[in-house]
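Residue-level structure breakdown
Each chain is listed here by its residues.
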Amino acid sequence: MIQRIQTIYLLIVTILAVTCMSLPIGAFVENSSISDLFNLYISRADGVKDYAPWALFVIQLLSALISFVAIFLFKKRIIQMRFSIFNIILNVGYYISAIAFVFMLKGDTESFTMNWPICLPLINIILSWLAIRAIGKDEMLVKAYDRLR
């Protein structure tokens, strides 16, 4: 059962979560200086790192770990579905906390521009939902085979 399509979905979710953890998700523009917002820290224009948004990193780390562990729970499909549901909740929470951090940290800056890695948790939500559907189909198939025995 490890060769199923939900394994591919969960593996892609893991890779995208690690990618989102390591790339800047946005930038604050202030008086012609740019501060990059990473999931773990803010890199100011003068080289100082502020570790205020560390919670974003933790959420993506948990998302990557949960989806990776869910891959190996192929014999326990219900738990695998619950892990995927929790992963969706984590990624929605990621967006809520990212919006909160942007509004808290914006302060006196002129603007905030988003980078493309901010879209990766949305892709994770979609892929986790597809994995839940595939796991549900497998569960129905196994129950149908058990009825035939």
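Placed above this text is the structure.
An account of the accompanying structure is given in this report. The structure presented is a predicted model; accordingly, all values stated were derived computationally and were not measured.

The helix and strand inventory of the chain stands at 4 helices and 5 strands. In the chain, the succession of α and β elements from N to C terminus is α-β-β-β-β-α-α-β-α. In terms of overall size, the chain is more extended than a compact globule, its C-alpha atoms giving a radius of gyration of 19 Å where 149 residues would be expected to give roughly 15 Å. For the chain, the C-alpha atoms occupy an extent of roughly 70 × 20 × 20 Å along the three principal directions. Within the chain, the fraction of its 149 residues that count as buried is 40%. Just so you have it, the chain exposes about 8,500 Å², and 70% of that area is on carbon and sulfur atoms. Once the 13 positive and 9 negative side-chain charges of the chain are each reduced to a mean point, those two points are 22 Å apart.

So, about the sheet that holds strand E3 (residues 42–43). In spatial order, the strands read E4-E3-E2-E1-E5; together these 5 strands make up an open sheet with antiparallel pairing. At either end of the open sheet lies a strand with only one pairing partner, and these are strand E4 (49–50) and strand E5 (111–114). Where strand E2 (residues 33–37) and E3 come together, 2 bridges link them in antiparallel fashion. Pairing of Asp36 across the sheet is with Ser43, part of E3.

Take helix H1 (residues 5–22) next. Taking 1.5 Å of rise per residue, the 18 residues of H1 would be expected to cover 26 Å, and the 26 Å separating its terminal C-alpha atoms lies within 8% of that figure. Turning to H1, its buried residues are Gln6, Thr7, Leu10, Val13, Thr14, Leu16, Ala17, Cys20 and Met21. Considering only its buried residues, H1 is in contact with helix H2 (54–71), helix H3 (77–106) and helix H4 (120–148).

Here the focus is the packing of H1 against H3. The geometry of H1 relative to H3 is characterised by a closest axis approach of 13 Å and an angle of 30° between their N-to-C directions. The angle between H1 and H3 falls in the class roughly parallel. Both H1 and H3 take part in a crossing whose hand is left-handed. Residue-level inspection shows Gln6, Leu10, Val13 and Cys20 of H1 in contact with H3, the latter providing Gln80, Ser84, Asn87 and Tyr94. Residue composition of the contact of H1 with H3, grouped by class: 4 nonpolar, 4 polar and no charged.

Evaluation of the coordinates by the stated rule reveals 3 salt bridges. The residue Asp138 makes a salt bridge to Arg4 at a minimum N-O spacing of 3.5 Å. Here Asp138, found in helix H4, pairs with Arg4, found in the segment before H1; they are 134 residues apart in sequence, far enough to count as distant. A relative accessible area of 9% means that Asp138 is categorised as buried. In this structure Arg4 comes out as partly exposed when scored by relative accessible area, which is 32%. Residues Arg77 and Glu139 are paired through a salt bridge, measuring 2.7 Å at the closest nitrogen-oxygen approach.

The next subject is the side chain of Gln6. The residue Gln6 is located in helix H1 in this model. Classification of Gln6 as buried rests on a relative accessible area of 4%. Other than its neighbours up to four places away in sequence, Gln6 contacts Gln80, Ala131, Ala134, Ile135 and Asp138.

Further remarks concern a nonpolar patch on the surface. Where nonpolar side chains cluster on the molecular surface, the patch consists of Ile5, Ile8 and Ile12 and spans about 240 Å² of accessible area. Note on placement: Ile12 falls in helix H1. The partly exposed category is assigned to Ile12, whose relative accessible area is 34%.

The rules we used
- Residues numbered from 1 in each chain as written.
- Predicted model: local features only at pLDDT ≥ 70, side-chain atom pairs only at ≥ 80, totals over all residues.
- Heavy atoms only, no water.
- Helix = DSSP H or I, 4+ residues; strand = E, 2+ residues; numbered from the N terminus.
- Rg over C-alpha atoms; globule rule 2.2 N^0.38 Å.
- Buried < 20%, exposed > 50% of the residue type's maximum accessible area, 1.4 Å probe, protein only.
- Areas by Shrake-Rupley, 256 points an atom, 1.4 Å probe, with all protein chains shown as cover.
- Lys, Arg positive; Asp, Glu negative; His and termini not counted.
- Charge placed at Lys NZ, Arg CZ, Asp CG, Glu CD.
- Pairing = 2+ DSSP bridges.
- Expected span 1.5 Å × (residues − 1).
- Contact = heavy atoms within 4.5 Å.
- Axes fitted to C-alpha atoms, helices over the stretch in contact; angles between N-to-C directions.
- Parallel < 35°, antiparallel > 145°, perpendicular 65-115°, else oblique.
- Left-handed = near helix turned anticlockwise from the far one by under 90°.
- Nonpolar A, V, L, I, M, F, W, Y, C, P; charged D, E, K, R; others polar.
- Salt bridge = Lys/Arg side-chain N within 4 Å of Asp/Glu carboxyl O.
- Patch = residues over 30% accessible without salt bridge, like charges linked within 9 Å, V, L, I, M, F, W, Y side chains within 5 Å.

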